[in-house]
Amino acid sequence: MTINYTKGGLTHCLRKHDITKNRIEASISKGIARAFKDSKYNSLVMFTNDNLVVVIDYITHKFKTAFVPMDRYIHDMERHCQELTNIK
């Protein structure tokens, strides 16, 4: 899957979460542990093996944000979103 990085998404990610594009790409290259479809925001939420969450638009694959999740975040995803099993 190709992620279409946007200037706005990368700027938000750097300013608010202090995460760079290089860190995102390195984290994704280590593998995706779990992924969820968030229908409320039409997003694909990917949990990497490197403890980073990468969020992209489900249809266009435009980058929205990336962040280090808090402990409750995965629990909330499990309760409210559909888990996807085959992400490529």
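Because the structure is predicted, anything quoted here is derived from the model rather than measured.

Rules used throughout
- Per chain, residues are indexed from 1 in the order of the written sequence.
- In view of the model being predicted, local features appear only for residues whose pLDDT reaches at least 70, and side-chain atom pairs are presented and counted only at 80 or more, with totals across whole chains, interfaces and linings using the full set of residues.
- Side-chain numbers here rest on the full set of heavy atoms in the structure, without hydrogens or water.
- A helix here means a DSSP run of H or I that spans at least four residues, while a strand means a run of E at least two residues long, and both kinds are numbered starting from the N terminus.
- Under the scheme applied here, a residue whose accessible area is under 20% of the maximum for its type counts as buried, over 50% as exposed, and between as partly exposed, the area being computed with a 1.4 Å probe on protein chains only.
- Here a polar contact is recorded for every N or O atom pair within 3.5 Å, except that within protein the pair must consist of a potential hydrogen donor and a potential acceptor, and residues adjacent in sequence are included only if both atoms are side-chain atoms.
- Note on contacts: a residue pair is in contact if any heavy atoms of the two residues lie within 4.5 Å.
- Following DSSP output, two strands are said to pair if at least two bridges run between them.
- Throughout, an axis means a line fitted to C-alpha atoms (over the contacting stretch in the case of helices), and angles, computed between N-to-C directions, take values from 0 to 180 degrees.
- Throughout this description, the term nonpolar core refers to a set of buried Ala, Val, Leu, Ile, Met, Phe, Trp, Tyr and Cys residues connected via side-chain atoms within 4.5 Å.
- Stacked, edge-to-face and tilted are the three classes for Phe, Tyr and Trp ring pairs, Trp counted by its six-membered ring, which pair at centre distances within 6.5 Å; planes under 30 degrees apart are stacked, over 60 edge-to-face, the rest tilted.
- Disulfide: a pair of cysteine sulfur atoms within 2.5 Å of each other.
- Salt-bridge detection follows one rule: a side-chain nitrogen of Lys or Arg within 4 Å of a carboxyl oxygen of Asp or Glu.

### Brief notes about the side chain of Ser27
Consideration 1: Its place among the elements puts Ser27 in helix 2 (residues 21-29).
Consideration 2: For Ser27, a relative accessible area of 0% corresponds to the buried category.
Consideration 3: Polar side-chain contacts of Ser27 include one of 2.6 Å to the side chain of Thr48.
Consideration 4: Ignoring any residue separated from it by four or fewer positions in sequence, one finds Ser27 in contact with Thr48, Asp50 and Leu52.

### Overview of the sheet that holds strand 1 (residues 32-38)
Consideration 1: Pairing in this open sheet of 5 strands is antiparallel, and the strands run 4-3-2-1-5 from one edge to the other. At either end of the open sheet lies a strand with only one pairing partner, and these are strand 4 (63-67) and strand 5 (82-84). Across the sheet, the mean angle from the axis of one strand to that of its neighbour is 25°, orientation sign disregarded.
Consideration 2: Relative to strand 3 (residues 53-57), strand 2 (residues 43-48) runs antiparallel, the two sharing 5 bridges. Its bridge partner being in strand 3, Leu44 is matched across the sheet by Ile56.

### Section: the nonpolar core
Consideration 1: Core analysis: the largest hydrophobic core is formed by 13 residues, its most contacted members being Ile24, Met46, Val54, Ile56 and Phe63.
Consideration 2: Broken down by secondary-structure element, the contributors of at least two residues to this core are strand 2, strand 3 and strand 4.
Consideration 3: Leave out the neighbours within four places in its chain, and Phe63 touches Ile3, Asn4, Tyr5, Thr6, Gly9, Leu10, Cys13, Ile24, Val54, Val55 and Ile56.
Consideration 4: Membership of the second largest hydrophobic core comes to 8 residues, among which are Phe47, Val53, Val55 and Cys81.

### Description of the packing of aromatic side chains
Consideration 1: A complete count under the given rule lists 4 aromatic pairs for this structure.
Consideration 2: Ring geometry for Tyr5 against Phe63: centres 5.5 Å apart, planes inclined by 45°, an arrangement best described as tilted. In this pair, Tyr5 is assigned in the segment before helix 1 (7-17) and Phe63 in strand 4, connecting sequence segments 58 residues apart.
Consideration 3: Where Phe36 meets Phe47, the ring centres are 5.8 Å apart and the plane angle is 80°; that geometry is what we call edge-to-face. Here Phe36, found in strand 1, pairs with Phe47, found in strand 2; they are 11 residues apart in sequence, far enough to count as distant.

### A closer look at the state of the cysteines
Consideration 1: The tally for this structure, following the rule as stated, stands at 0 disulfides.
Consideration 2: Here Cys81 is not disulfide-linked; the sulfur of Cys13 is the nearest cysteine sulfur, at 19 Å.
Consideration 3: Overall, the relative accessible area of 14% leaves Cys81 in the buried class.

### Regarding the pattern of salt bridges
Consideration 1: This structure, assessed with the given rule, holds 4 salt bridges.
Consideration 2: Of the charged contacts, one joins Lys30 and Asp50 as a salt bridge, the two residues approaching to 3.7 Å between their closest N and O atoms. Here Lys30, found in the loop between helix 2 and strand 1, pairs with Asp50, found in the loop between strand 2 and strand 3; they are 20 residues apart in sequence, far enough to count as distant.
Consideration 3: Exposure remark for Asp50: the relative accessible area of 29% places this residue in the partly exposed category.

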